[in-house]
Each structure stands twice: as structure tokens, then as C-alpha cells.
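Each chain, letter by letter, is given below.
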Amino acid sequence: MASASAPPAALSAEQAKVVLAEVIQAFSAPENAVRMDEARDNACNDMGKMLQFVLPVATQIQQEVIKAYGFSCDGEGVLKFARLVKSYEAQDPEIASLSGKLKALFLPPMTLPPHGPASGGSVAAS
């Protein structure tokens, strides 16, 4: 059995898709959805508070799924999983899409301030 000699958490692109889909599905589980909603409410769209409240909950939800695939059940396991996914994103559009969906679950949408003539064009001195 060749897979026994492989280090844990060495996933193929196909396996990474399966795990990503499971992680995304875990976020929609009722108890996890409630945990994420509470964390988001506590964060009030403040990026510092997002890191304090939302990221730890999102990390725990991911850990619960990825530990079944040989990743350690800590922050390092989540980072290794994220790096593995990142390594496949350029080669596989489906992984890139799933990765984007996962990030959208716990990162707030970034809104850029308006630029150019639409914002008035002139700078008022105060």
C-alpha cells in the first residue's frame, strides 16, 4: 500500500476538493452557522474584532473537518491545509472557486473607497 508511506495530510488535488467541500458544508451546519453569526455580531465589521472573534471560530470549524484527513487539530493544521489548497489553486479552477467560497464565509467583503471624479474630484481643506 503506497499511501501508507505518504506523510499525513499529503492530499491530491481531487482529495483537496473533497475536503474543501466538506469544510464549506461544515460552515452551513446549524450549530456552526449560529457560532459564526454570533462571532460576526460581536465583531461588528471591525477587522481587528474579526480576527479576535470570527477567525478562531472559523479555525475550529475547519479543524473539526480536516483532522479526519491527517492534519493536526491545531492552528498549524489549518495553516498547512490552507497552504496545500493555495498550491492547487493556480492549476485547478474548481479548487480556486471552492477556496474563494471558503474565504467568503469568514472574511468580510472588502469595499474600496470610491476614487476619481465620482467622489467629487476636489479635496476640501478643513
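Residues numbered from 1 in each chain as written. Predicted model: local features only at pLDDT ≥ 70, side-chain atom pairs only at ≥ 80, totals over all residues. Heavy atoms only, no water.

In the annotation of an unreviewed UniProt entry, the chain is listed under the name Protein C10 and assigned to Vulpes vulpes. Taken verbatim from the UniProt record of the chain, the Sequence similarities (unreviewed entry) comment is "Belongs to the UPF0456 family." (UniProt positions renumbered as here; feature names shortened; annotations may be inferred.)

Tallying secondary structure elements over the chain gives five helices and zero strands in all. Of the regular secondary structure in the chain, the N- to C-terminal order runs α-α-α-α-α. By the burial criterion, 33% of the 126 residues in the chain qualify as buried. Across the chain, the fraction of contacts at a sequence separation of at least 24, relative to all contacts at a separation of at least 6, is 62%. (Helix = DSSP H or I, 4+ residues; strand = E, 2+ residues; numbered from the N terminus. Buried < 20%, exposed > 50% of the residue type's maximum accessible area, 1.4 Å probe, protein only. Contact = heavy atoms within 4.5 Å.)

Here we take up helix H4 (residues 75-89). With 15 residues, H4 should reach 21 Å at 1.5 Å per residue; the first-to-last C-alpha distance of 21 Å fits that figure. When H4 is considered as a whole, its buried residues turn out to be Gly-77, Val-78, Phe-81, Leu-84, Val-85, Tyr-88 and Glu-89. Angularly, the buried residues of H4 cover 145 degrees about the axis, an arc narrow enough to put them on a single face. Buried positions along H4 lie against helix H1 (13-27), helix H3 (47-66) and helix H5 (93-106). Capping of H4 at its N-terminal end is provided by Asp-74; its side-chain oxygen lies 3.1 Å from the backbone amide nitrogen of Glu-76. (Expected span 1.5 Å × (residues − 1). Arc of directions from axis to C-beta. Polar contact = N/O pair within 3.5 Å; in protein donor to acceptor, adjacent residues only side chain to side chain.)

Within H3, the axis deviates most sharply at Val-54, by approximately 35 degrees, and proline Pro-56 lies no more than four positions further along. Here H3 has its buried residues at Met-50, Val-54, Val-57, Ala-58, Thr-59, Ile-61, Gln-62, Gln-63, Val-65 and Ile-66. Tucked into the core, H3 has its buried residues touching H1, helix H2 (30-43), H4 and H5. (Bend = angle between axes of the 7 residues up to and from the residue.)

With that settled, consider a nonpolar patch on the surface. Residues Met-47, Leu-51 and Leu-55 make up a contiguous nonpolar surface patch of about 260 Å² in total accessible area. Among the structural elements, Leu-55 can be located in helix H3. What makes Leu-55 partly exposed here is its relative accessible area of 34%. (Patch = residues over 30% accessible without salt bridge, like charges linked within 9 Å, V, L, I, M, F, W, Y side chains within 5 Å. Areas by Shrake-Rupley, 256 points an atom, 1.4 Å probe, with all protein chains shown as cover. Salt bridge = Lys/Arg side-chain N within 4 Å of Asp/Glu carboxyl O.)

Where H1 contacts H3, the axes come no closer than 9 Å and their chain directions differ by 130 degrees. Considering the angle they form, H1 stands oblique to H3. Considering the relative orientation of H1 and H3, their crossing is right-handed. On H3, the residues touching Val-19, Glu-22, Val-23, Ala-26 and Phe-27 of H1 are Ala-58, Ile-61, Gln-62, Val-65 and Ile-66. Here the contact of H1 with H3 is built from residues that sort into eight nonpolar, one polar and one charged. (Axes fitted to C-alpha atoms, helices over the stretch in contact; angles between N-to-C directions. Parallel < 35°, antiparallel > 145°, perpendicular 65-115°, else oblique. Left-handed = near helix turned anticlockwise from the far one by under 90°. Nonpolar A, V, L, I, M, F, W, Y, C, P; charged D, E, K, R; others polar.)

A few words now on the packing of aromatic side chains. Counted by the stated rule, this structure contains two aromatic pairs. Judged by centre distance (6.3 Å) and plane angle (20 degrees), the ring pair of Phe-27 and Phe-106 falls under stacked. Here the residue Phe-27 occupies a position in helix H1, and Phe-106 occupies one in helix H5, the gap between them amounting to 79 residues. Relative to Phe-81, the ring of Phe-71 lies with its centre 5.4 Å away and its plane at 80 degrees, an arrangement referred to as edge-to-face. With Phe-71 in the loop between H3 and H4 and Phe-81 in helix H4, this pair connects stretches of sequence that are ten residues apart. Like Phe-71, the residue Phe-81 is buried in the burial classification. (Phe/Tyr/Trp six-rings, centres within 6.5 Å; stacked < 30°, edge-to-face > 60°.)

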